[in-house]
Amino acid sequence: MKADRERQRKSMWVLIVLAVVCVAVLIVSVVMLFKTQNALTDGDVNLVNSDSVADTTSLQTNSSDTNTAGTTAADSNNSVQTVGETTTASSSAAAVQTTVADSDLSSLSTSEIASIMTSAIAQVKSDAAFTGRKQQVISIELVDCSISSVTSLVNRIIQGLVDDKDETYSFSNGTATNTETGETTTTLDQIPPSDKQSYIDPAGLTSATAEKSGDNTVYTVKFVQEYTTLESPVPYYHAQAMDYLDLASVDVSPAKITQADMTYTGATIKVTVNSSGQIVGYYTYMPISGTGSGSLGLSVSGTIDGYLEENWTFTW
């Protein structure tokens, strides 16, 4: 049960993004039926859809590759991998092949950097013993709604649903324990992406860099832009490396999602490795944009801006 609660909490940002349009739908419907905001509740509001986000990450883009939802692609030097497939990266608690001589950093290819990062993330999703601090920021704003009078009200409700996280976990033998609450989940589930190994596909990247930061090495990649719809909700490259908005998995009844056109404008992942080859930092930033519509008696459409930012610091 604790693991289930942790998984639900971890994916709250997904539910919030999916909820926005349906939140508007419910609010408008209740207001029209009861003519008062006092009938509204901001408790378990499960609603719909998403919108437009500007990528605030200052990372150089080497190309403008895009990928349509549901498309399968692969680098000529890398086999295609289906979304959710577990990679065979090392899960040893010892240092994996993540250290590179300083003189060789500039010569690393995109494929090599992606492989190093995939191995480093696998290191903390193993049964190793370490401590991790998670800092998470969720930003969601309804910037446009077909019924403009509810925009500010919806945004106030959204602010009540989201809050920044600063939590510390103790990891051992495949179990992650919140040091404050004592709640537990699996290490595999707690470290993103949830409940699976991460795979950074070089074919889905627009840039990849490696640079020194003191005694550490920082590897950074940025993803191509991808589009999804209600019928095809999986962003192929993003979904292999992070948690995405699975529109098909959310029950918003009695409301109904009628349209959900999402744009993943290009996520950023950074992995910091120390001189011993251990991962000490893991940063993800996923901006989302899109338009959606839903109905609950009334039909409402809307647009949002939002992003999920999560930063892990590991101590071995």
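Each chain carries its own residue numbering, running from 1 in the written order of its sequence. In view of the model being predicted, local features appear only for residues whose pLDDT reaches at least 70, and side-chain atom pairs are presented and counted only at 80 or more, with totals across whole chains, interfaces and linings using the full set of residues. In computing side-chain properties, one takes all heavy atoms of the structure into account and sets aside hydrogens as well as water.

A. Seen up close, the overall build of the chain. A run of H or I in DSSP counts as a helix once it spans at least four residues, and a run of E counts as a strand once it spans at least two, with each numbered from the N terminus. If you tally the helices and strands in the chain, you get six helices and twelve strands. Residues classed as buried in the chain amount to 50% of the 316 residues present. Contacts were defined at the residue level, with two residues in contact if any of their heavy atoms lie within 4.5 Å. Contacts spanning at least 24 positions in sequence make up 78% of the contacts within the chain whose residues lie at least 6 apart. Carbon and sulfur atoms form 46% of the exposed surface of the chain, whose accessible area is close to 13700 Å². Only protein chains enter the accessibility calculation, which uses a 1.4 Å probe; a residue is then buried when its area is under 20% of its type maximum, exposed when over 50%, and partly exposed in between. Each accessible area is a Shrake-Rupley estimate made with a 1.4 Å probe; only the visible protein chains count as cover when residues are assessed.

B. Structural view of the nonpolar core. Each nonpolar core is a collection of buried residues, namely Ala, Val, Leu, Ile, Met, Phe, Trp, Tyr and Cys, held together in the definition by side-chain atoms within 4.5 Å. I200, Y219, V221, F223, I269, V271 and Y282 are the most contacted members of the largest nonpolar core, which has 42 residues in total. Element by element, the count of residues in this core is highest for helix α3 (residues 110-124), at seven residues. If near-sequence neighbours (up to four positions away) are discounted, I200 is found in contact with A114, M117, T118, I121, L205, V221, F223, A241 and I269. Grouped together as the second largest cluster of nonpolar side chains are eleven residues, V150, V154, I158 and V162 included.

C. Molecular detail of the side chain of T217. Residue placement: T217 occurs in strand β7 (residues 216-223). By relative accessible area, which is 6% here, T217 ends up buried. The term polar contact refers here to a pair of N or O atoms within 3.5 Å; inside protein, the definition further demands a hydrogen-donor-capable atom paired with an acceptor-capable atom, and it admits residues adjacent in sequence only when both atoms are side-chain atoms. Looking at T217, its side chain comes within polar contact range of the side chain of K212, at 3.5 Å.

D. How the structure looks around the side chain of T272. Tracing the sequence through the fold places T272 in strand β10 (residues 268-273). Here T272 falls in the buried class, since its relative accessible area comes to 18%. When residues no more than four places from it in sequence are discounted, the contact partners of T272 are N216, T217, V218, Q278, I279, V280 and G281.

E. A look at the pairing of strand β12 (residues 298-315). DSSP-based pairing: two strands are paired if at least 2 bridges between them are found. Pairing of strand β2 (residues 130-145) with β12, which is carried by 14 bridges, proceeds in the antiparallel orientation. Bridging across to β12, R133 finds its partner in T313. With 16 bridges connecting them, strand β11 (residues 279-296) and β12 associate as antiparallel partners. Bridge assignment links S293 to a residue of β12, and that residue is S301. Count of turn residues in the β11/β12 antiparallel hairpin: one residue, of which G297 carries a positive phi of about 85 degrees.

F. Local environment of the packing of aromatic side chains. Pairs were defined over the aromatic rings of Phe, Tyr and Trp, the Trp ring being its six-membered one, requiring ring centres within 6.5 Å. Orientation was assigned from the angle between planes: stacked under 30 degrees, edge-to-face over 60, tilted for the rest. Applying the stated rule across the entire model yields nine aromatic pairs. Taking the centre distance of 5.0 Å and the plane angle of 80 degrees together, the rings of Y236 and Y237 count as edge-to-face. Relative to F314, the ring of W312 lies with its centre 5.8 Å away and its plane at 10 degrees, an arrangement referred to as stacked. Like W312, the residue F314 is buried in the burial classification. Connected via pairs of aromatic rings, a cluster forms that spans F130, Y169, F171, W312, F314 and W316. For a ring to carry a charge above it, either NZ of a lysine or CZ of an arginine must fall within 6 Å of the ring centroid while also lying within 35 degrees of the normal to the ring plane. If you follow K270 out to its NZ or CZ, it ends over the ring of Y283, 6.0 Å from the centre.

G. Examining the confidence of the model for the chain more closely. Per-residue confidence from the predictor is reported as pLDDT, a score between 0 and 100. When pLDDT is averaged along the chain, the result is 75, and 66% of the positions lie at 70 or above. The least confident element of the chain, judged by mean pLDDT, is strand β1 (residues 66-68) at 40; the most confident is β10 at 98. This model gives residues 26-96 a pLDDT under 50, and the stretch forms 192 contacts once residues within four places in sequence are excluded.

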